[in-house]
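Coordinate inspection notes
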Amino acid sequence: VNLLDGNLLAKTIKQELATKVEQRKALGLKIPHLAAIIVGHNPASKAYVNNKVKSCHEAGFKSSLIELSDTISQSELIHEVRLLNSDPEIDGFIVQLPLPSHIDEQEVTLAIEPMKDVDGFHPSNFGRMCLGLPCYLPATPFGILEMLRRNSIETSGKHAVVVGRSNIVGTPMSILLSRKGWDCTVTLAHSKTKNLSEVCASADILVAAIGIPNFITSEMVKPGAVILDVGINRIDAPDSPKGSRLVGDVDFKNVAPKCSWITPVPGGIGPLTVAGLMINTMSACEGIFHKHD
Ligand SMILES: NC(=O)c1ccc[n+]([C@@H]2O[C@H](COP(=O)([O-])OP(=O)(O)OC[C@H]3O[C@@H](n4cnc5c(N)ncnc54)[C@H](OP(=O)(O)O)[C@@H]3O)[C@@H](O)[C@H]2O)c1
């Protein structure tokens, strides 16, 4: 089995971006600047956002973190979004999800200026993605595609099974893999899928984005398949110093010996999601989206 090392690839991508930043500096051009809005004190969200800020620093990007109280009203939050929309210093920004239950996430996403929507969640970006127009790809599927491309993993004509149909991972992943250039035949599976084991076992490429620890077992995997594990699940681990540890949606220990390529958790898709966001921010700064519009 070949391990798809997300940490290593993310490091390479950040180095490439850092070189671009240096080149821009030498030419007197603007340095990419990513802003992140975080609402409340969700520890997982905080960890994700801190990672994004740290990665910006490593690549020489500027970053701004806007921390807001979980008592903020919907209109106050939308006001913050509009401030970033109109701030010429900010190339792109994200609003870290999930938001507190009194806030309508869709309304907030709709308020983001699509040209600055580096998470690619705005319907305008999503629609452009579906039509193959220039856009910001959602960071996690983007990271997965980079993983496949940079490891020269053949996708053309392959049967890809994506398990999970979230708006941010499963659904866009299934669309992208089916498009020209990637050329997979795609099955999008979910909680109502019948015979899920058989469906998964027919996959040449299996993307697991479910959120259930070790859900994909070795019986569900075709020998030689490519396994991309998006899941990030914290489970009890009394023997570890923290008392818990992160595992994916794939039973790594038993699946790894059976497949050709597999992503570990942690250190697989997670770091590439951040890398995808950074590539989008560089594109926003370069104005690529505008030029091809
Ligand atoms: N690596 C990263 O950077 C990254 C980024 C985002 C998310 N994640 C992780 O990825 C996982 C999925 O997150 P998400 O936001 O994409 O998904 P989500 O919104 O939590 O949705 C889960 C999906 O899994 C499906 N599902 C649930 N139980 C199932 C079952 N028994 N059989 C088949 N399908 C089932 C659901 O089907 P229904 O639609 O029918 O309910 C749903 O489509 C989580 O662990 C999350 O933490 C990681």
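So, here is what we can say about the structure in this document. (Residues numbered from 1 in each chain as written. Predicted model: local features only at pLDDT ≥ 70, side-chain atom pairs only at ≥ 80, totals over all residues. Heavy atoms only, no water.)

Some thoughts on the side chain of Lys116
Selection rule: Only DSSP runs of H or I reaching four residues or more are called helices, and only runs of E reaching two or more are called strands; each is numbered from the N terminus. Partly exposed residues are those whose accessible area sits between 20% and 50% of the maximum for their type, while under 20% is buried and over 50% is exposed, using a 1.4 Å probe and protein chains only. Charge counting follows a simple rule: Lys and Arg are positive, Asp and Glu are negative, and His as well as the terminal groups are ignored. Each reported salt bridge corresponds to a side-chain nitrogen of Lys or Arg within 4 Å of a carboxyl oxygen of Asp or Glu. Identification of polar contacts relies on pairs of N or O atoms within 3.5 Å, with a donor-acceptor requirement for protein atoms, meaning one able to donate a hydrogen and the other able to accept it, and with residues adjacent in sequence counted only if both atoms are side-chain atoms. Any pair of residues with heavy atoms lying within 4.5 Å of one another is described as a contacting pair.
Mapping Lys116 onto the fold places it in the loop between helix H4 (105-111) and helix H5 (123-131). Although buried, Lys116 forms no salt bridge, and the nearest oppositely charged side chain, Asp87, lies 5.9 Å from it. Among the polar contacts listed, one links the side chain of Lys116 to the backbone oxygen of Asn85, at a separation of 3.1 Å. Other than its neighbours up to four places away in sequence, Lys116 contacts Leu84, Asn85, Ser86, Asp87, Pro88, Ile90, Asp91, Gly92, Phe93 and Tyr136.

Description of the site of the ligand
For the record, the criterion: Whether a residue is near a molecule or strand depends on its heavy atoms: it is near if one of them lies within 4 Å of it. Exposure was quantified through the Shrake-Rupley algorithm and a 1.4 Å probe, taking into account, for residues, occlusion by the shown protein chains and nothing else. Each residue receives one of three labels: charged for Asp, Glu, Lys and Arg, nonpolar for Ala, Val, Leu, Ile, Met, Phe, Trp, Tyr, Cys and Pro, and polar for the others, Gly being one of them.
Neighbouring the ligand are 21 residues, the closest being Arg165, Ser166, Ser191, Ile232 and Thr273. Ser166 has a polar side-chain atom sitting 2.7 Å from an oxygen atom of the ligand. One of the side-chain nitrogen or oxygen atoms of Thr273 is found 2.9 Å away from an oxygen atom of the ligand. Protein burial of the ligand: of its 930 Å² of free accessible surface, 70% is covered by the chains. Counting residues per element, the shell around the ligand draws most heavily on helix H10 (residues 269-286), at three residues. In terms of residue class, the shell around the ligand is built from ten nonpolar, ten polar and one charged.

Remarks on the nonpolar core
Basically, it comes down to this: What we call a nonpolar core is a set of buried Ala, Val, Leu, Ile, Met, Phe, Trp, Tyr and Cys residues that are connected through their side-chain atoms within 4.5 Å.
Of all hydrophobic cores here, the largest spans 52 residues; its most connected members are Leu148, Leu177 and Leu228. In terms of residue count, H10 provides more of this core than any other element does, nine residues in total.

Here we look at empty space enclosed by the protein
Basically, it comes down to this: Here a cavity denotes a set of grid points, spaced 1 Å apart and computed over the protein atoms alone, in which a 1.4 Å probe fits but from which it cannot get out, and a pocket denotes an open set meeting protein on both sides within 12 Å along at least five of seven lines; residues with an atom within 4 Å of a point are reported as lining. Grid points are joined across faces, edges and corners, and a volume is the space filled by probe spheres set on the points.
For the structure shown, the criterion picks out one cavity of 30 Å³ or more. What the largest cavity holds in volume is close to 60 Å³. Together, Ile94, Val95, Leu97, Leu99, Glu105, Val108, Thr109, Ile112, Asp117, Asp119 and Phe121 line the largest cavity. Going through the elements one at a time, strand E4 (92-95) and H4 are the ones with two or more residues in the lining of the largest cavity. Residues belonging to the lining of the largest cavity are distributed by class as follows: seven nonpolar, one polar and three charged.

Some points on the sheet that holds strand E6 (residues 185-189)
What counts, and what does not: A pair of strands is labelled paired if DSSP reports no fewer than 2 bridges between them.
With parallel pairing, the six strands of this open sheet are ordered in space as E1-E11-E8-E7-E5-E6. Only two strands of the sheet have a single neighbouring strand rather than two, namely strand E1 (2-3) and E6. With two bridges connecting them, strand E8 (residues 226-229) and strand E11 (residues 261-262) associate as parallel partners. Residue pairing across strands places Val226 opposite Trp261, the latter belonging to E11.

Some remarks on helix H7 (residues 170-178)
Counting buried residues in H7 gives eight out of nine residues, a clear majority hidden from the surface. By the burial criterion, the buried members of H7 are Gly170, Thr171, Pro172, Met173, Ser174, Ile175, Leu176 and Leu177. The inward-facing, buried residues of H7 abut H5, helix H6 (139-150), strand E5 (159-163), E6 and strand E7 (205-208).

A word on the pattern of salt bridges
Taken as a whole and assessed by the stated rule, the structure comprises ten salt bridges. In this structure, Lys14 engages Glu58 in a salt bridge whose closest nitrogen and oxygen atoms are separated by 2.8 Å. Taken together, the positions of Lys14 in helix H1 (residues 6-26) and Glu58 in helix H2 (residues 43-59) put the pair 44 residues apart, joining distant regions of the chain. Among the residues examined, Lys14 registers a relative accessible area of 16% and is labelled buried. Glu58 sits in the partly exposed class, given a relative accessible area of 41%. In this structure, the salt-bridge partner of Lys20 is Glu286, at a minimum N-O distance of 3.4 Å. You can see Lys20 sitting in helix H1 and its partner Glu286 sitting in helix H10, a full 266 residues away along the chain. Glu286 gets classed as partly exposed once you look at its relative accessible area, which sits at 22%. What you see here is one network of salt bridges that share partners, running through Glu16, Glu146, Arg149 and Arg150.

Considerations on H5
Just so we agree on the cut-off: Picture the helix axis, draw a direction to every C-beta atom, and the arc is the one those directions span.
Every buried residue belonging to H5 is among Asn125, Phe126, Arg128 and Met129, and all of these are buried. For H5, the angular spread of the buried residues around the axis is 165°, confining them to a single face. Note on H5: the residue one or two positions beyond its end, Gly132, has a positive phi of about 75°.

Everything listed here is a matter of geometry and, on its own, says nothing about what the molecule does.
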